[in-house]
Amino acid sequence: MMLSLDQIHTEPPPTPKELDWAEQGFLPPLSPLRCAWRRDVPLDCKISPEDAQARAWTAYYYDLLQCTLQQEGLPETIDHTKEPRTGFGPSDITICVLGSPTSYLSVLLEGGNQCPGNMLLCLSPAWLSKAPSESHPGESSLLVFKAVTFELGGRTTLEEFAPPRRVTYFTGCFGPCKVQGQSAAELARDLDCPTGGSGELARLLEDKLLTRQLMDQQACVAVPPTLAFTFKRPLPLRSVTEEQRVRMVELSGREGQDNLLQEEIAAFLQSGAMESYSQVVVKPSGWRWNGAQAVSFHAKSEQGCVLQAVLTLLETLEEEESILLEAFIPTAHVVRPGPPDTNGSPCNSSPQPNLAVRICAVVCRSRKDQPLLSKVVCGVGRADKPLKHQATVPQTLESSLRQWGLKDEAQIAAIHAQIKQKAEAAMKAFMDMEAGLSVEQRGGRRAQTDIIGVDFLLSSEEQVLQLVALEMNSQLCLETCSVFESMGRVVGAPAGEAARPLVETMMRRTQCHLMEGKHVLVIGAGGVSKKFVWEAARDYGLKIHLVESDPNHFASQLVQTFIHYDTTDHKRDEEHAQRLLGLVQERGLHLDGCLSYWDDCMVLTALVCEGLGLRCSSPTAMRVAKQKSRTHLHLLRRRKEGARWPSAALYAVPCCHLESHTDVERAASHISFPGVMKLEYGAGAVGVKLVEDAQQCHLHFDKISRDLQDDSDHPGIGLGWGNAMLLMEYVSGTEHDVDLVMYEGRMLGAFVSDNGPTRVPNFTETAACMPTCLPPDREAQLIRAAYQCCLGCGLTDGVFNVELKLTASGPKLIEINPRMGGFYLRDWIQEIYGVDIMLASVMVACGVVPLLPARSRPRMHLVGVMCLVSQHLQALKSTASLETLQALHERGVIRLNLLDDELVSSEYEEPYCNVACASSSRREACLKLLGICQVLGIDSPHYPVAHFLSHFK
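Residues numbered from 1 in each chain as written. Predicted model: local features only at pLDDT ≥ 70, side-chain atom pairs only at ≥ 80, totals over all residues. Heavy atoms only, no water.

- Taking an unreviewed UniProt entry as the reference, the protein chain is identified by name as Carnosine synthase 1 belonging to Podarcis lilfordi.
- Taken verbatim from the UniProt record of the protein chain, the Function (unreviewed entry) comment is "Catalyzes the synthesis of carnosine and homocarnosine. Carnosine is synthesized more efficiently than homocarnosine."
- Regarding the protein chain, the UniProt comment filed under Subunit (unreviewed entry) reads as follows: "Homotetramer." (UniProt positions renumbered as here; feature names shortened; annotations may be inferred.)

Next comes the structure, spelled out in structure tokens:
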């Protein structure tokens, strides 16, 4: 079990607030526990020597870490300080925590699993130093010289870094510091990297009056009726003024306030808001005060005692602080039957004490600044005494409510849903307030609160259960949840749930920080379906230099530099590459990366990267992947070359390249029918057809040769490479996409989606769902097949989309798209898993290893259908117009991905848009989507949506 710091104190510290760095000048407590670990490790930092008192605290925290690791069943920290680590550069990820090991252990362990070697714990401020930022004048870079590094499986190493590592995300216990050295708050101020808080923000979060006002007035969360007396309360603490259940009285001074206080207290105690309460609480509010210090309880009728308690606190009140007089919230009363007697009937012979449940919720800032509940635990105690975090044993909400007497599963689920809604609303209110602060008020341009705790009591009003929020806090709830998960490890319960969203936020913010200001050459703008690229690049702060054939392309106004160059004839890509290298040199562009999101430009991009010395898969590998028949034949040859088992050749399908009728005749004699004919360099299923015999092959070859000759006949489907075709054997089975993120040949992430039955004979996509419906072993087969096929073709660096079919005997490859997945895939992966494969592709191109969540659980199920102009023109002009679809998207009813901007029907068409629905279950998402498609007119006898969704079971 993880040990709380309080558990090894020999006596409580005589301070108004328990701080991490011995602010009041006393030495650390002695641990009564036996030390089973080495004590002779070097904890000093050569560049910043500590005095005796600071060294004592550093040694104390090291012992506390070892004690905690020991009780977790984890190995002792290994000392590697004799061999300082080298080789870290400005693009390396370094997430640093400065604070108590017990407060952040769950975060550190989860971070060690998600980003091993990049999660660091500093036990002393002396291990860190600030230096003027090279990229942002007026800000500072944070350098770490020494740290405990967390690795996979809870392994830890004490290391020194020479030169020091540059921190890319910083958080810690943001408290004041009065001893030598710098506190976490001082170190965090005005950094050029993201921080998970600051001293300034911690002051606001620990201000009970402010957070209670925010919950009461902006989050619409019930709080105790409160009367607050404040003294010289500055902005932004004055900004919340509208009174509901919290009344604020501004005092002009400490002296001569007796009459005002008496009048206000009397009016409050006799008000309608206090009618149903019999007790009150008097306590101070401000960041000096913590826990139950200076808190007193009184009967509502004891007005004189209440006044005296307020006057006593007023003598110690400092600027910005407050005195709160609030109702003592009684817990809801539920009849709890006693233990059964010998006949099995409830026995009420032994009295059962009334119990109170304190609910502790941890909420994290997630993607797009949305609050996300990560964990709920409870403490149970006597209802006639206040419940404190460190005086209760944490347990689940379900166990607590059942022990309390509430056993109805629906009621328990409803209470959990209320906790989620109210806790997330509380954090949203705090984030909104925070967003209105100046840089100085926040403590830095990149300072923001990434996690909070919210404490609730379960009360009742008119026989209806009601959640009442008591306070927000910065660390107590997280530490309580960590203790709970620590206990659960003994019985194999899943760990890391409370910390995982925070770690993912740390990873996301640090990666965005590293990519900000990178100069990236993008070759080929693509169409409307790629519009998100330019919007995302702006949001990430990327400097995009775009090469595009169309001088009037809409993206020309959305990038840093627009280079008009005609690349449509891709048979001349070597020549194009040399000219583009010259243009880059002429313009003096200093590029960090180069990539493309457009099928036609992948080989050209690889050639340019080769010329610039930038990271990319080789031109040869891109050529193999770009030409469909060459992909399969190349993989089939791997079997003859003696590739290890299982070989990528297992997944390849026999096929033949077609450039003439002679080729067609020869292929028809080698390929088993039915077969599939498609364009060799095609995209979007244009020109694909199921063929039953050689005659149909000749007819389709004639038709394509006549209709689709060059890029002007149908832009964007690969005709710049020519209109050669291929014939391959038809493979039966379910169709799937696997999107892979690869770096130096290592697979960093894989995302599987399912496709519904295609519309034969042209194989146009109809529906899709994510996450996959497949069992884990079959999903693993697809991921392994996709990865091996990419490696087999020589693809090592980038984000790749692999289309496969899953047959009874295993996966079979359809084709590899050596670029990020198109249509809706980037959007869906981001919504479901919180991973932006667009950003990942840029990171790989810039030589930065993307950090992807190791065990990211899907947050939802998405199911969508394609809309085709040929099938839905009437609906798209009326019931399912673009305006209607966009309005439904804004309201969260559907998820819309627009793939084209023209309602033009053609024989060789591509989808116009994708309409999807989200839900916590796949079945519910399917039902929602089917209902919406019926209302909008997307579903019809000629386009049976129910049939297209039938695979998703």
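Still to come is the rest of the account.
## With respect to the overall build of the protein chain
Part 1 of the reasoning: Check the secondary structure of the protein chain and you find 26 helices and 33 strands.
Part 2 of the reasoning: Scaling as 2.2 N^0.38, a compact globule of 953 residues should have a C-alpha radius of gyration of about 30 Å, and the protein chain matches this with 32 Å.
Part 3 of the reasoning: The burial tally for the protein chain puts 58% of its 953 residues in the buried class.
Part 4 of the reasoning: Within the protein chain, contacts between residues at least 6 apart in sequence are counted, and of these 69% link residues at least 24 apart. (Helix = DSSP H or I, 4+ residues; strand = E, 2+ residues; numbered from the N terminus. Rg over C-alpha atoms; globule rule 2.2 N^0.38 Å. Buried < 20%, exposed > 50% of the residue type's maximum accessible area, 1.4 Å probe, protein only. Contact = heavy atoms within 4.5 Å.)

## What about the sheet that holds strand 12 (residues 322-327)?
Part 1 of the reasoning: Across the sheet, which stays open at both edges, the five strands sit in the order 9-8-12-10-11 with mixed pairing between neighbours. The sheet is open, and its two edges are formed by strand 9 (246-251) and strand 11 (296-299), each paired on a single side. Going across the sheet, the axis of each strand differs from the next one's by a mean of 20 degrees, ignoring polarity.
Part 2 of the reasoning: Here five bridges tie strand 8 (residues 226-231) to strand 12, and the two strands are oriented antiparallel to one another. (Pairing = 2+ DSSP bridges. Axes fitted to C-alpha atoms, helices over the stretch in contact; angles between N-to-C directions.)

## Some words on the confidence of the model for the protein chain
Part 1 of the reasoning: Summing up the model confidence of the protein chain, the mean pLDDT is 88 and the portion of residues at 70 or higher is 90%.
Part 2 of the reasoning: Note that pLDDT drops below 50 for residues 1-25; the model gives that stretch 79 contacts with residues more than four away or on any other chain.
Part 3 of the reasoning: Considering only residues more than four positions removed or in separate chains, one finds that residues 177-181, a stretch of pLDDT under 50, has twelve contacts. (pLDDT = per-residue confidence, 0-100.)

## Brief notes about the nonpolar core
Part 1 of the reasoning: One finds Leu128, Phe170, Met838 and Leu949 to be the most contacted residues of the largest nonpolar core, which totals 143 residues.
Part 2 of the reasoning: The contact partners of methionine 838, leaving out residues within four places of it in the chain, are Phe532, Val533, Ala536, Ala537, Tyr540, Leu542, Tyr597, Met820 and Arg826. (Core = buried A, V, L, I, M, F, W, Y, C linked by side-chain atoms within 4.5 Å.)

## Thoughts on the pairing of strand 30 (residues 810-817)
Part 1 of the reasoning: With seven of eight residues buried, strand 30 lies mostly within the body of the structure.
Part 2 of the reasoning: Of the pairings in the sheet, the one linking strand 29 (residues 798-807) to strand 30 comprises seven bridges and is antiparallel in character. Looking across to strand 30, one finds that leucine 804 is bridged to leucine 813.
Part 3 of the reasoning: In this structure, the hairpin formed by strand 29 and strand 30 is closed by a connection of two residues.

## Re the packing of aromatic side chains
Part 1 of the reasoning: Within this structure, the stated rule accounts for twelve aromatic pairs.
Part 2 of the reasoning: Ring geometry for phenylalanine 170 and phenylalanine 174: centres 6.3 Å apart, planes at 75 degrees, overall edge-to-face. Taken individually, phenylalanine 170 and phenylalanine 174 each receive the classification buried, so the pair is uniform in this respect.
Part 3 of the reasoning: Each residue in the set Trp57, Tyr60 and Tyr61 is aromatic and connected to the rest through ring pairs, giving one cluster. (Phe/Tyr/Trp six-rings, centres within 6.5 Å; stacked < 30°, edge-to-face > 60°.)

## A closer look at helix 13 (residues 531-540)
Part 1 of the reasoning: Taken together, the buried positions of helix 13 are occupied by Phe532, Val533, Trp534, Ala536, Ala537 and Tyr540.
Part 2 of the reasoning: In this structure, the buried side of helix 13 is in contact with helix 12 (500-515), strand 18 (519-523), strand 19 (543-548), helix 21 (825-833) and helix 22 (837-845).
Part 3 of the reasoning: A positive backbone phi angle near 75 degrees is found at glycine 541, which sits one or two residues after helix 13.

## Regarding the pattern of salt bridges
Part 1 of the reasoning: This structure, assessed with the given rule, holds 42 salt bridges.
Part 2 of the reasoning: Notably, a salt bridge pairs lysine 146 with glutamate 160, separated by 3.2 Å at the nearest N-O pair. Linking lysine 146 in strand 5 (residues 140-150) with glutamate 160 in strand 6 (residues 156-166), this pair joins segments that are 14 residues apart in sequence. The two residues lysine 146 and glutamate 160 agree in class, both being buried.
Part 3 of the reasoning: Through salt bridges with shared partners, a single network forms among Arg365, Asp369, Glu434, Asp450 and Arg509. (Salt bridge = Lys/Arg side-chain N within 4 Å of Asp/Glu carboxyl O.)

## Some points on helix 15 (residues 602-612)
Part 1 of the reasoning: Burial of helix 15 is extensive: eight of the eleven residues sit out of reach of the surface.
Part 2 of the reasoning: The set of residues buried in helix 15 consists of Met602, Val603, Leu604, Thr605, Ala606, Leu607, Val608 and Cys609.
Part 3 of the reasoning: Residues of helix 15 that are buried in the fold lie against strand 18, helix 14 (573-586), strand 21 (593-595) and helix 16 (619-626).
Part 4 of the reasoning: Directly beyond the C-terminal end of helix 15, a positive phi value near 70 degrees is found at glycine 613.

## Remarks on the sheet that holds strand 17 (residues 464-473)
Hydrogen bonds along the backbone pair up the strands of a sheet, which may run parallel or antiparallel.
Part 1 of the reasoning: Spatially, the five strands line up as an open sheet ordered 15-14-13-16-17, and their pairing is antiparallel. Unpaired on one side and paired on the other, strand 15 (395-396) and strand 17 mark the two borders of the sheet.
Part 2 of the reasoning: As defined by bridge partners, strand 16 (residues 451-461) adjoins strand 17 across nine bridges and the pair is classed as antiparallel. Bridge pairing in strand 17 places leucine 457 opposite valine 468.
Part 3 of the reasoning: Set on the sheet, helix 5 (residues 208-217) makes contact with strand 16 and strand 17; between it and strand 17 the angle comes to about 140 degrees.
Part 4 of the reasoning: Sheet strands in contact with helix 12 are strand 13 (355-366), strand 14 (370-382) and strand 16, and its direction is about 20 degrees off that of strand 13.

## A few points about the packing of helix 8 (residues 397-404) against helix 9 (residues 409-435)
Part 1 of the reasoning: Here helix 8 crosses helix 9 at 130 degrees, and the two axes come no closer than 11 Å. Comparing their axes, helix 9 and helix 8 come out oblique. Crossing hand, helix 8 versus helix 9: right-handed. Residues Leu397, Glu398, Leu401 and Arg402 of helix 8 pack against Glu409, Ile412, Ile415, His416 and Ile419 of helix 9.
Part 2 of the reasoning: In terms of residue class, the contact of helix 8 with helix 9 is made up of five nonpolar, one polar and three charged. (Parallel < 35°, antiparallel > 145°, perpendicular 65-115°, else oblique. Left-handed = near helix turned anticlockwise from the far one by under 90°. Nonpolar A, V, L, I, M, F, W, Y, C, P; charged D, E, K, R; others polar.)

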